[in-house]
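Below are the chains, spelled out letter by letter.
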Amino acid sequence: MKALESLKVRLLEVNDLTHATALLRWDQTTYMPPGGAVARGRQTATLSRLAHEKFTDPEVGRLLEKAEKETASLPADSDEAALVRVARREFEQSVRIPSSLVSEFNEHSATIYQAWTVARPANDFAAVRPLLETTLDLSRRMAQCFDGWESIADPLIDFSDYGMKASTLRALFRELRGRLVPIVRAITSRPPAEDSFLRQFAAEADQLDFGLEVIRAYGYDFERGRQDKTHHPYMTKFSLGDVRITTRVRENDLTDALFSTLHECGHALYEQGIRAELDGTPLATGTSSGVHESQSRLWENLVGRSLGFWRHFYPKMQARFRTQLGGVRLEDFHRAINKVERSLIRVDADEVTYNLHVMLRFELELDLLEGRVAVADLARVWRERYEADFGLPVADDRNGVLQDVHWYSGAIGGAFQGYTLGNILSAQVYAAACAAHPRIPAEVEEGRFGTLLGWLRENVYQHGAKFTADEIVRRATGRPMSLDPYLDYLWGKYQPLYGLSDSERVGAGVTA
């Protein structure tokens, strides 16, 4: 397969340039001094332009045509056929976008990110507003490289969650909201959980050490990864042998760093679980933002906030944080880390209200892209919608329109839907794993995660992007994505925590 081998060489060069760009971005968000921002924007723009030009070279198109003929007789699920299929899809997307726009977007992203790191703590939206207007213009220009869409957001959504579009997501979110809101109302009508003991001083080093202890137990491979601090935690990868995570620490919050670490570890376990043979190809990545997020939420919430998990780890945490937790019962700690309340900050939100934050942002993105809301009005509209949806006043932009890094480091559109898709899929995938291995919950209670991680590697991780999100979900769980496992999971967990009634279960349309 001469053409296929030549194609792989070309794709490996593109891969190397792309991950060199990612390394520069990681450095900017972790260790780079602020004075490097202008040059860093130029550097990432140059590398991203070179990668795009190399990938969209007409010779790649010719090699794809020849490789398609070479692999035509192979099974569709063979590595070779899948590689050509995914490379073709990405090539057809990329050739529509001018390299100059790719370069401009990357340089601007580095600039606005650096400005955001200053503007957010200063509560200064005005400082980044002109830059955000440029982001919106660039996002629209990117989407307009494509035709045939119903919503201008559709191409941006398709980049992250292939096959999804705004109308599909709106329908899904409408149904989810209708079933979630009754649960939120029922829970928030009860007395809130006591959690003041989580808001005491806890040294940064102790918090970081405990988080590292947990993710070692999870199976995160430190020979192929590391953790560093940043403003807004994320996972990044430079190869299958170098998958890094970041976190942040608040010394007046005992669990913020911990759950950030568990969340990003879930992303990293996915990437570390991809078969080594796929490294350096378009298959060596998660298949969609929704499936990726399902793994971060699975390890953070379904495992890391479960009572069984803490039956094993709570004595260890109590021993390390004796001043804060010495007199706190396990049951009270578990209730505190699963406290449900209406809040302003998405990344701090509980499992029950979290998706309401995502849906609000998703709708705001559509309104910005489709011209119903201007950036000049965004801070005001944000405050109005939060008060309408959550009943909470937004006192400042730091906790409002400035809180999420996404619009200040990438496009407007195409990112937020993955969080809710991930929440939905996390329960469906975990339920399938437990159905295959009923002892998984007992093993979690013993601090053992090998069976769960092994099942996920076999059924999800190893394939990388070889199959679409829908194909992965059907193969792993035996059914397409469904809201029912997620709603059943939420009800099964929060009903006993808050003493919810059967009539409230019926009102939420929960089947379990």
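Just above sits the structure.
Okay, so let's go over this structure. Just so it is clear, the model here is predicted, and its values are computed rather than measured.

### Structural notes on the overall build of the chain
Thought 1: Across its full length, the chain carries 22 helices and three strands.
Thought 2: Computed over its C-alpha atoms, the radius of gyration of the chain comes to 23 Å, within 12% of the 24 Å expected for a compact globule of 512 residues.
Thought 3: Seen along its three principal axes, the alpha-carbon backbone of the chain occupies a region of about 65 × 50 × 45 Å.
Thought 4: When the accessible area of the chain is evaluated, it comes to approximately 20200 Å², of which 51% is carbon and sulfur surface.
Thought 5: The averaged location of the 72 negative side-chain charges in the chain is 1 Å from the averaged location of its 62 positive side-chain charges.

### Notes on the pairing of strand β2 (residues 235-239)
Thought 1: The element β2 is largely enclosed, with a buried count of four among its five residues.
Thought 2: Two elements, β2 and strand β3 (residues 242-247), share four bridges in a ladder whose sense is antiparallel. Residue pairing for β3: Lys237 is matched across the bridge by Val243.
Thought 3: Connecting the antiparallel pair β2 and β3 is a turn made up of two residues.

### With respect to the nonpolar core
Thought 1: Membership of the largest hydrophobic core comes to 136 residues, with the highest contact counts inside it found for Tyr218, Trp299, Val303, Trp310, Phe333, Trp407 and Tyr408.
Thought 2: Of the residues forming this core, the biggest block, eleven residues, is contributed by helix α8 (residues 166-188).
Thought 3: Counting residues in each nonpolar core, the second largest holds 21 residues, with Phe55, Leu64, Leu83 and Val86 among its members.

### Here we look at helix α4 (residues 79-94)
Thought 1: Helix length check: α4, at 16 residues, gives a terminal C-alpha distance of 22 Å against a target of 22 Å (1.5 Å per residue), a fit within 8%.
Thought 2: For α4, the full list of buried residues reads Ala81, Ala82, Leu83, Val84, Val86, Ala87, Arg88, Phe91, Gln93 and Ser94.
Thought 3: Residues of α4 that are buried make contact with α1 (2-30), α2 (37-55), α3 (58-70) and α7 (154-160).

### Let's talk about the packing of aromatic side chains
Thought 1: Counted under the stated rule, the structure contains 27 aromatic pairs.
Thought 2: One aromatic cluster in this structure is built from Phe210, Tyr218, Trp299, Phe309, Trp310, Phe313, Tyr314, Phe321, Phe333 and Phe449.
Thought 3: In this structure, Arg89 packs its charged tip against the face of Tyr162, placed 4.1 Å from the ring centre.
Thought 4: The lysine or arginine in question, Arg335, covers the ring of Tyr498, its NZ or CZ lying 4.6 Å from the ring centre.

What counts as what
Residues numbered from 1 in each chain as written. Predicted model: local features only at pLDDT ≥ 70, side-chain atom pairs only at ≥ 80, totals over all residues. Heavy atoms only, no water. Helix = DSSP H or I, 4+ residues; strand = E, 2+ residues; numbered from the N terminus. Rg over C-alpha atoms; globule rule 2.2 N^0.38 Å. Areas by Shrake-Rupley, 256 points an atom, 1.4 Å probe, with all protein chains shown as cover. Lys, Arg positive; Asp, Glu negative; His and termini not counted. Charge placed at Lys NZ, Arg CZ, Asp CG, Glu CD. Buried < 20%, exposed > 50% of the residue type's maximum accessible area, 1.4 Å probe, protein only. Pairing = 2+ DSSP bridges. Core = buried A, V, L, I, M, F, W, Y, C linked by side-chain atoms within 4.5 Å. Expected span 1.5 Å × (residues − 1). Contact = heavy atoms within 4.5 Å. Phe/Tyr/Trp six-rings, centres within 6.5 Å; stacked < 30°, edge-to-face > 60°. Lys NZ or Arg CZ within 6 Å of the ring centre and 35° of its normal.

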